[in-house]
Structures are given as C-alpha cells and as structure tokens.
Amino acid sequence: MGKSRLLDALWWAALAVYILAGVPSVPFHGDESVHIALSRDYAYVFQQHDLHAVRYSPTPTDPAMQELRLLNGSLSRWLFGLAWHIAGLSPDALNTPWDWGVGWDWNVTIGHLPSERLLHAARYASALLTVLSAWGVFLIALQIGRGRAAAYLASALYVATPSVLLNGRRAMLEGALLACSVLTVLVALWLLRARTQGRPRWWHWALLGVASGLAVAAKHSGALAVALVFGALALIARRRALGGLLAAGVLAVAVFLLLNPTWWSDVLGTPQRVVQLRRDLLKLQVDAYGSYADWGARAAGLLRCTVYAEPQYFEAAPWHNYPAITDAIAAYERSPWRGVNAGAFGAWMWLVGAALGTATLWSRRDAEAVLLLIWAWGTAVVLLLSTPFDWQRYYLLLMPPLAVLAGVGWVRIARALREELGR
C-alpha cells in the first residue's frame, strides 16, 4: 500500500470514528421510535416467516402501522431489525410508535420510548450508513476534483456539518437516504469513466439499478437523486445509453419492490395510495406548522437549513418544554461530536466555495462535471420548489453535492493563491 492510500485509509477511519463516537449523545427525536417500531417487520419476515403480516390489506388489523409502512422507506426498518437481532434483543423489546398528539410523559408511560440498548443498536446501523455516505463523498470529489485535496476537503466539510451528523446518527431514514443517493451518483461516475475507456459493461448498469432501487427504498425522496442521475446520463450519452438506462430502471424497480413487501398485494394500486397518503400528511404538517410566506422565505429557508448549519433538534415547538430533551441538547452542544457551526461566516465559506466549484466545473463541461452540476443544482431547485417549510431533514439531500462543489471551489482558491505567492 502506497503512502497516499495509507493516508486515505487513515482519513476514512477518522471520519468513521468521528461519526460513530457521537451516536450515544445525540438528543432523541420522536420519529426514532416510529422507525424502530416499524422494524418489527424484520421479525415478521425473517423470524416468524409471516409475509402476510406486512402486506397491504384493505382491512388491516393495525391500520396505523400499515399507513406508516406505506409512508416511509423500508430499507432502514430491515437494517434496524438486523441491528437489534445482532445486539441480542427480541421483538418483545420493541417500543410502539410515538404519539405526537400527547406529551412526553404520557409517551414514556405507555412504552413509546425505546430502551437505550435498542435505540443505540438502531442508531449505529444508521450511523454506519452515514459513514458510507462520507466515504462516497470522498470518492466523488476525488474523481470530480481530479486530486486528493478536493476529496479531503469535501469529506471534511460534509462530516463537520451538524445537520448531517445529527440526522445521520439518529435511528431514522436519513442515514440510508444519504448513503444510497451518494452511491447512485458514484456508480454513475464510474459508468461515465468506463464510457471514456470504451463501452460500459453490463455490470455497470446493474450496479446503477441496484443503487437506484436502494435509494428509493431508503426514503421516497431518494427518487430525486435517481431521476437527476438518469436524466444526466440520458443527456450525456443520449441514444447510446437508452438500453442500459432502461435495464437499470427495471432493476431499480425490482430492488425497490423486493424491499417493500407491503406493495406486493397491489403493485399497480399502491403508488397512487402512497401519493395520496403523502399529500394528506403534508397538508397536516402545513396546517400544524405553517408554510413559507413567499419565494424569498423559501430561499432563506433553504440557505438556513443547509449552509448556515445550525442543527434543528426538533420541529414540534412543545419539545422546548421537555427537560429530557433540553438537557440532552445542552450536553450534545458541549461535546466535540456536534460538528462545526461557524454561523454567517461559515455560510459564506460554503457559498463562495460552491460558487467557485460550480464555475470550475462549468468551464470544464465534461461528462463528469455535467453530471455533478445536474445533481447539485437540480437538487437545489427541486428542494426550493417543493419544500413548504424549514424542516432541516428535508434539505439533507443537498449536502453531499454541496460539499463536493465547495471542496472543488476551495481547492481552486488555494491553487490560485499558491500560484500568486509563487510569482
């Protein structure tokens, strides 16, 4: 192993240690109990061999759980189930979903708060996926930035981001979403590199299909990264990519369905059902929490939830009144594992780096640069148009491409300064 690769391995280990070390101290979120409760499906399928328990039914025995299965990504529930299984826990140890209509004490009393052992098992599964996303950001920046400097800087920026650390460590969907969306882009870059060296092999398209299916199974919003990647590849390769993209798309659907047995009873009718449930949920959230007043507020919200980096520990205002949460937040804020929040100065550093990274890639306009720009700016535009309120979790998809752009941009600045000083 050469010195460069040894240094890379040590850096990857440092990224992993930093992400994993903060898992126990992350303040709790009620949605963690929801996704851990859904991991009971692991027991139904892999321990009790009862697929009927997780498939859609017009007359379900537990309508609330069936609705949660349809509303949420499935990948994390299988991984959380595997995690508590490896940790030596049984389905009897599982909590029930958080009830947002009642207070903290009542939820704790009736068993909605997971035990520490159960919570940590699921959190480590999510955090490991966040580690994979950080390694993926490194590899993407290495290829896009054409050098290790951009890779080190991009992955450092990404792992230092408080919102990535907070949400990626929690037992929710964000760790899987980040990992699988980054993997989809990374595979697309490998495919483009193979194209410049001849023709991509069948397994490149197969990897793209598997990664894309995993991204959508991780969280429905993973479809955004998949759509942007497929659109970019179609634009870059045109007719020569149609067959591969079609095959990858079919495989992606197959992977998604394999991980979603709830859909098997009615594959054609379930998508419409899911869309309607998500519309209803969004309306409830807007009614409860309000929405942006205008486009200026939307743009400010996007910046506040991404480059400004102040972590959003909860969305429901009553959580300000729960000592268990406020004390945990205070302790986490004092820890070295919370990431780096440089406020307005940090926001400008992100924006300047991303702007120069965009300019650098735009001046190149090779296939890899085009893919990255479509991923980054396509994500930003769609999130700006589609996100009605400032829930930081909903903007996390922008952080990986933004970190890559900023890494490329600041390396360009460093090289320009070095050249100027060397004259």
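Along every chain, residues carry numbers that run from 1 in the direction the sequence is written. Local features in this predicted model are restricted to residues whose pLDDT is 70 or higher, and side-chain atom pairs enter the listing and the counts only when it is 80 or higher, whereas totals over whole chains, interfaces and linings include all residues. Where side-chain values are given, they derive from all heavy atoms of the structure, hydrogens and water being excluded.

I'm lost on the overall build of the chain in this one. Help?
Labels follow the DSSP assignment, with helices taken as runs of H or I lasting at least four residues and strands as runs of E lasting at least two, numbered in each case from the N terminus. Looking only at helices and strands, the chain has 19 helices and zero strands in total. Against the 2.2 N^0.38 benchmark of 22 Å for 423 residues, the chain shows a C-alpha radius of gyration of 22 Å, consistent with a compact globule. Its C-alpha atoms give the chain principal-axis dimensions of roughly 70 × 50 × 50 Å. Of all 423 residues assigned to the chain, the portion counted as buried reaches 52%. Only the protein chains shown count as covering a residue, and every accessible area follows the Shrake-Rupley method with a 1.4 Å probe. Accessible surface, the chain as shown: approximately 19,200 Å² in total, 65% of it carbon and sulfur. Here the chain contributes 35 positively and 25 negatively charged side chains, and the mean placements of these two sets differ by 14 Å. Computation of the radius of gyration draws on C-alpha atoms, with the globule rule given as 2.2 Å multiplied by the number of residues to the power 0.38. A simple rule labels every residue: compare its accessible area, found with a 1.4 Å probe on the protein chains alone, to the largest value its type can have, and call it buried under 20%, exposed over 50%, or partly exposed in between. His is not counted here, nor are the chain ends, while Lys and Arg score as positive and Asp and Glu score as negative. Each charge is placed at NZ for Lys, CZ for Arg, CG for Asp and CD for Glu.

Please clarify how helix α12 (residues 222-237) should be interpreted in this entry.
Because the α-helix completes a turn every 3.6 residues, residues three or four places apart line up on one side. Its 16 residues give α12 an end-to-end C-alpha distance of 23 Å, which sits within 8% of 22 Å, the value for a rise of 1.5 Å per residue. Regarding α12, the residues found buried are Gly222, Leu224, Ala225, Val226, Leu228, Val229, Phe230, Ala232, Leu233, Ile236 and Ala237. Where α12 ends, the next residue or the one after it, Arg238, has phi of about 55 degrees, a positive value. Take the number of residues in a helix, subtract one, and multiply by 1.5 Å to get its expected span.

For this particular structure, what's the right way to read the packing of helix α5 (residues 75-86) against helix α7 (residues 116-145)?
Helices that pack against each other are described as a pair by the angle of their axes relative to one another and the distance between those axes. Here an angle of 0 to 180 degrees is reported between the N-to-C directions of two axes, which are lines fitted to C-alpha atoms, with helices fitted over the stretch in contact. Two elements in contact, α5 and α7, have axes separated by 8 Å at closest approach and are oriented at 125 degrees. It follows from the interaxial angle that α5 and α7 lie oblique. Relative to α7, the crossing made by α5 is right-handed. Contacts between α5 and α7 pair Leu79, Phe80, Ala83 and Trp84 from the former with Leu118, Ala121, Ala122, Ala125, Ser126 and Leu129 from the latter. Classifying every residue of the contact of α5 with α7 by side-chain character gives nine nonpolar, one polar and no charged. When describing relative orientation, an angle under 35 degrees is termed roughly parallel and one over 145 degrees roughly antiparallel, while 65 to 115 degrees is termed roughly perpendicular and anything else oblique. Here is the rule for handedness: rotate from the far helix to the near one, and if that takes an anticlockwise turn smaller than a right angle the crossing is left-handed, while a clockwise turn gives right-handed. When checking whether two residues touch, look at their non-hydrogen atoms; a contact exists if any pair is within 4.5 Å. Charged residues are taken to be Asp, Glu, Lys and Arg, nonpolar residues to be Ala, Val, Leu, Ile, Met, Phe, Trp, Tyr, Cys and Pro, and polar residues to be all remaining types, Gly included.

Before we go on, may I ask you to explain the packing of aromatic side chains in this structure?
Any aromatic ring pair is given by two values, namely how distant the centres are and how the planes are angled relative to each other. Only centres within 6.5 Å qualify two rings of Phe, Tyr or Trp (six-membered ring in Trp) as a pair; their planes then separate them into stacked at under 30 degrees, edge-to-face at over 60, and tilted for everything else. Inspection of the entire model under this criterion finds 25 aromatic pairs. Look at Trp12 and Trp135: their rings are 4.9 Å apart centre to centre, the planes differ by 15 degrees, and that puts the pair in the stacked class. With Trp12 in helix α1 (residues 3-21) and Trp135 in helix α7, this residue pair connects regions lying 123 residues apart in the sequence. When its relative accessible area of 22% is taken as the criterion, Trp12 is described as partly exposed. Taken together, a centroid distance of 5.6 Å and an interplanar angle of 80 degrees make the contact between Tyr42 and Trp84 edge-to-face. In this pair, Tyr42 sits in helix α3 (residues 40-47) while Trp84 sits in helix α5, placing the two residues 42 residues apart along the sequence.

It is not clear to me how the packing of α7 against helix α10 (residues 174-196) should be interpreted in this structure. Could you clarify?
Contact geometry for α7 and α10: axes closest at 8 Å, N-to-C directions at 30 degrees. Judged by the inter-axis angle, α7 sits roughly parallel to α10. Of the two possible hands of crossing, α7 and α10 adopt the one that is left-handed. Each of Ser126, Leu129, Thr130, Leu132, Ser133, Gly136, Val137, Leu139, Ile140, Gln143 and Ile144 in α7 lies in contact with α10, whose residues at this interface are Gly175, Ala176, Leu178, Ala179, Val182, Val185, Leu186, Leu189, Trp190 and Arg193. Residues of the contact of α7 with α10, tallied by class, amount to 14 nonpolar, six polar and one charged.

Teacher, can you tell me more about a nonpolar patch on the surface here?
Patch membership needs two things, relative accessible area over 30% and no salt bridge, and members are linked within 9 Å if like-charged or within 5 Å if nonpolar (Val, Leu, Ile, Met, Phe, Trp, Tyr). The term salt bridge refers to a pairing of a side-chain nitrogen on Lys or Arg with a carboxyl oxygen on Asp or Glu at a separation within 4 Å. Taken together, the side chains of Trp190, Trp202, Trp203 and Leu207 present a nonpolar region at the surface, about 470 Å² in accessible area. For Trp190, the position within the fold is in helix α10. Relative accessible area serves as the criterion here: at 36%, Trp190 is assigned to the partly exposed category.

What is the right way to look at the nonpolar core in this model?
Inside soluble globular proteins, nonpolar side chains tend to come together where they are buried. What makes a nonpolar core is a set of buried Ala, Val, Leu, Ile, Met, Phe, Trp, Tyr and Cys residues whose side-chain atoms join them at distances within 4.5 Å. Residues Ile140, Tyr158, Leu208 and Trp319 are the most contacted members of the largest nonpolar core, which totals 116 residues. The element that contributes the greatest number of residues to this core is α7, accounting for 14 residues. The residues touching Leu208, leaving out its near neighbours within four places in the chain, are Thr184, Val187, Ala188, Leu191, Val229, Phe230, Leu233, Leu245 and Ala248. Counting residues in hydrophobic clusters, the runner-up holds 11 residues, among them Leu177, Leu224, Leu228 and Cys305.

Got a minute to help me understand the side chain of Ser163 in this structure?
With respect to the helices and strands, the residue Ser163 is situated in helix α9 (residues 162-169). Setting aside its immediate chain neighbours within four residues, Ser163 contacts Gly168, Ala309, Gln392 and Leu396.

Please clarify how the pattern of salt bridges should be interpreted in this entry.
Oppositely charged side chains can pair when the atoms bearing their charge come close. Applying the stated criterion across every chain, the model contains 13 salt bridges. Asp8 serves as the salt-bridge partner of Arg148, at 2.8 Å between the closest nitrogen and oxygen. Placement of Arg148 in helix α8 (residues 148-159) and of Asp8 in helix α1 is noted, with a sequence separation of 140 residues between them. Looking at Asp8, the relative accessible area reads 10%, which means it is buried.

Help me understand the environment of Asp41, please; the structure alone is not making it clear to me.
Its location among the elements puts Asp41 in helix α3. A relative accessible area of 1% means that Asp41 is categorised as buried. Not counting residues up to four positions away in its chain, the partners in contact with Asp41 are Val54, Arg69, Arg77 and Trp78.

Would you mind going over helix α4 (residues 63-71) with me for this structure?
Met65, Gln66, Leu68, Arg69, Leu70 and Leu71 are the residues of α4 that are buried. On its buried face, α4 is in contact with α2 (30-38), α3, α5 and α14 (270-289).

Just to check I follow, could you spell out the side chain of Ser76 for this structure?
Inspection of the secondary structure assignment puts Ser76 in helix α5. Contacts described as polar in this section are N or O atom pairs within 3.5 Å, which, within protein, must combine one atom able to donate a hydrogen with one able to accept it, while residues neighboring in sequence count only if both atoms come from side chains. A polar contact of 3.4 Å, which involves the side chain of Ser76, links it to the backbone oxygen of Met172. Among residues more than four places away in sequence, those in contact with Ser76 are Met172, Leu173 and Ala176.

It is worth stressing that arrangement in space is one thing and function is another; only the former is reported here.
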